[in-house]
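Fold and geometry: a report
Given next are the chains, with one letter for each unit.
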Amino acid sequence: MQIFNNTAHPITPTVINRLDMPDYMFGVCYAIMSATYFLFAPLWGRVSDRIGRAKTIAFMTVGNSLGQLIFGLATGPVSLVIGRMITGMFAGGYHVSAMAYVADISTPDNLGKNTSVYAAIISVSTAGGYLFGGLLGDLGIGVTFGAQCIGLVAAGTLIFLLLDNAQEYDRKTPISLKTANPFSAFAASKPMWSVGVVLLFIGVFAASFATNGYDNAFNYYIKDILDFPPSYNGMIKAFVGLIGLTANFTINLWLVNKTDNYKSIIGVFALCASSLVCVVLTGGTISFILFNIVFYIFNAIYLPIQQAIVANSTDKVTNGVKLGMFNSIRALGMVFGPLTAGFAYAVWSKLPFILCAVSFGLAAVSSILLYFYRKTRCIDPAGQKLS
């Protein structure tokens, strides 16, 4: 399923160039998609609490195909935006439900391992989607979007028929249009909020801002400046995905299971920022690609650590609410990161990389403050206050 979720990404710059849209539209389109992701993620978290993760994932996957179809058939900015809005609305539900499913089937002892495995699967299937979409993109835009829509519908159908729910759900969980307001999620998650959680979510936002701003700028840069065909984009992302998979099953598993997550994530964020500084300073094409690959390795490591930290943060709210909140904060970064990168790119093609490096630096600083906040309050790595 995740393969087909990412099939169209390598050809998005081609779609925008084909329609003769301004450079900043790559950021605007992704920001619009992320905005609806942000608005609806809390609603889908509650829906999955009520009807089950499997049904929700299946419905979201099929709904996503509609948004991609509209985007693929777009003839102007209005249809581009509508397609991205629908895609974002359903993508939010998929990610919230999938993460909650992993948390449901995990115990505190194996949650770190399971989130690392989940992240690794996402990483390799995302890479496969980029490779598949890039190769199809050389054949034509219509071929790529057609294959993607068919694949999403098929995947959603199989999930509905074959995937079992992880547990019984509360059929009385309230669901209404008011729940679609992400600020309702803030109210529902009130028991988990503290100074430490605020610092944690500052890091979540800053890292998401940097990752998504960078990713969109990189995709557009290699098409606009380096003039790479879609297949090159796909092959680069596939190679990076394999490296990320290796990192998740080696470095990341060791970090999650053998170190204090609150401490190790500081170093990971610092390495992300440093590698992006190297991307800005380099001048050649080969060195540019190599430093970007180095960045992708570090970038693949931090998310499972964040997921494990959030999932273990408190037991006072359900996984659906807790991870819905996490995804909403990440979605804010997905809105403002690409939007800022798009307009920054119009000023200078490497300016987005500078801004993303600064944002990762902010994530590192907030993580340092969070680490010392917890240390002064005598809180152990598992989230329990020591006597």
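Anything mentioned here points back to the structure above.
Residues numbered from 1 in each chain as written. Predicted model: local features only at pLDDT ≥ 70, side-chain atom pairs only at ≥ 80, totals over all residues. Heavy atoms only, no water.

Bringing the pattern of salt bridges into the picture now. If you walk through the whole model with that rule in mind, you get one salt bridge. Residue Arg 53 is joined to Asp 104 by a salt bridge in which the shortest nitrogen-to-oxygen separation is 2.7 Å. Separated by 51 residues along the polypeptide, Arg 53 in helix H4 (residues 53–72) and Asp 104 in helix H5 (residues 77–104) bring together distant segments of the chain. This pair shows no difference in class: Arg 53 is buried, exactly as Asp 104 is. (Salt bridge = Lys/Arg side-chain N within 4 Å of Asp/Glu carboxyl O. Helix = DSSP H or I, 4+ residues; strand = E, 2+ residues; numbered from the N terminus. Buried < 20%, exposed > 50% of the residue type's maximum accessible area, 1.4 Å probe, protein only.)

This paragraph deals with the packing of H4 against H5. Where H4 contacts H5, the two axes come as close as 8 Å, and the packing angle between them is 160°. Taken as axis vectors, H4 and H5 run roughly antiparallel relative to one another. Considering the relative orientation of H4 and H5, their crossing is left-handed. Split into classes, the residues belonging to the contact of H4 with H5 amount to 14 nonpolar, eleven polar and three charged. (Axes fitted to C-alpha atoms, helices over the stretch in contact; angles between N-to-C directions. Parallel < 35°, antiparallel > 145°, perpendicular 65-115°, else oblique. Left-handed = near helix turned anticlockwise from the far one by under 90°. Nonpolar A, V, L, I, M, F, W, Y, C, P; charged D, E, K, R; others polar.)

Now for the packing of aromatic side chains. By convention here, two paired aromatic rings are described through the distance between centres and the angle between planes. Here the structure, examined in full by the defined rule, presents 27 aromatic pairs. A centroid spacing of 6.1 Å and a plane angle of 50° characterise the contact between Phe 205 and Phe 209, whose relative ring orientation is tilted. With Phe 205 and Phe 209 both in helix H9 (residues 195–224) and four residues apart, the pair spans about one turn of that helix. You can call Phe 209 buried: its relative accessible area is 14%. Three or more aromatic residues joined by ring pairs form one cluster here, namely Tyr 214, Phe 218, Tyr 221, Phe 269, Phe 288, Phe 295, Tyr 296, Tyr 302, Phe 353 and Phe 360. If you follow Arg 84 out to its NZ or CZ, it ends over the ring of Phe 71, 3.8 Å from the centre. (Phe/Tyr/Trp six-rings, centres within 6.5 Å; stacked < 30°, edge-to-face > 60°. Lys NZ or Arg CZ within 6 Å of the ring centre and 35° of its normal.)

An ideal rise of 1.5 Å per residue puts 28 Å on 20 residues; H4 measures up with 29 Å between its terminal C-alpha atoms. With respect to burial, H4 is a largely interior element, 14 of its 20 residues being buried. (Expected span 1.5 Å × (residues − 1).)

The next subject is the packing of helix H11 (residues 261–281) against helix H12 (residues 285–311). Axis separation between H11 and H12 bottoms out at 9 Å; the angle between their running directions is 160°. As the angle between them shows, H11 and H12 are arranged roughly antiparallel. Taken as a pair, H11 and H12 cross one another with a handedness that is left-handed. Taken together, the residues of the contact of H11 with H12 break down into 19 nonpolar, six polar and no charged.

Below, the discussion takes up the environment of Ser 79. Mapped onto the elements, Ser 79 comes out in helix H5. When neighbours within four sequence positions are excluded, Ser 79 is seen to be in contact with Ile 70 and Ala 74. A polar contact is formed between the side chain of Ser 79 and the backbone oxygen of Gly 76, at a distance of 3.1 Å. (Contact = heavy atoms within 4.5 Å. Polar contact = N/O pair within 3.5 Å; in protein donor to acceptor, adjacent residues only side chain to side chain.)

This part covers helix H3 (residues 25–51). When the terminal C-alpha atoms of H3 are compared, their 37 Å separation across 27 residues agrees well with the 39 Å that a helix rising 1.5 Å per residue should span. The sharpest bend along H3 comes to roughly 40°, located at Phe 40, with the proline Pro 42 sitting one to four residues further on. H3 sits mainly inside the fold: 21 of its 27 residues count as buried. Gly 52, located one to two residues past H3, shows a positive phi value of around 110°. (Bend = angle between axes of the 7 residues up to and from the residue.)

Positive phi outside glycine occurs at Asp 20, with the angle close to 60°. Among the structural elements, Asp 20 can be located in the loop between helix H2 (12–18) and H3. Positive phi, close to 60°, is recorded for Asp 227, a residue that is not glycine. One can find Asp 227 in the loop between H9 and helix H10 (230–258). What makes Asp 227 exposed here is its relative accessible area of 56%.

A grouping of Leu 158, Phe 160, Leu 161 and Leu 162 is seen on the molecular surface, where their side chains present a nonpolar patch of about 470 Å² in accessible area. Mapped onto the fold, Leu 158 is located in helix H7 (residues 141–162). (Patch = residues over 30% accessible without salt bridge, like charges linked within 9 Å, V, L, I, M, F, W, Y side chains within 5 Å. Areas by Shrake-Rupley, 256 points an atom, 1.4 Å probe, with all protein chains shown as cover.)

Turning next to the nonpolar core. Counting 85 residues, the largest nonpolar core has Leu 80, Phe 218, Phe 288, Phe 353 and Phe 360 as the members making the most contacts within it. Per-element tally for this core: the top contributor is H9, with 14 residues. When residues no more than four places from it in sequence are discounted, the contact partners of Leu 80 are Val 15, Leu 19, Met 21, Met 25, Cys 29, Phe 71 and Ala 74. Tyr 30, Ala 41, Ala 91 and Ala 331 belong to the second-largest nonpolar core, a separate cluster that totals nine residues. (Core = buried A, V, L, I, M, F, W, Y, C linked by side-chain atoms within 4.5 Å.)

Relative to the assigned elements, Val 62 resides in helix H4. Accessibility expressed as a relative area gives 33% for Val 62, which makes it partly exposed. Between the alpha carbons of Val 62 and Leu 152 there is a distance of 5.9 Å; along the sequence they are 90 residues apart.

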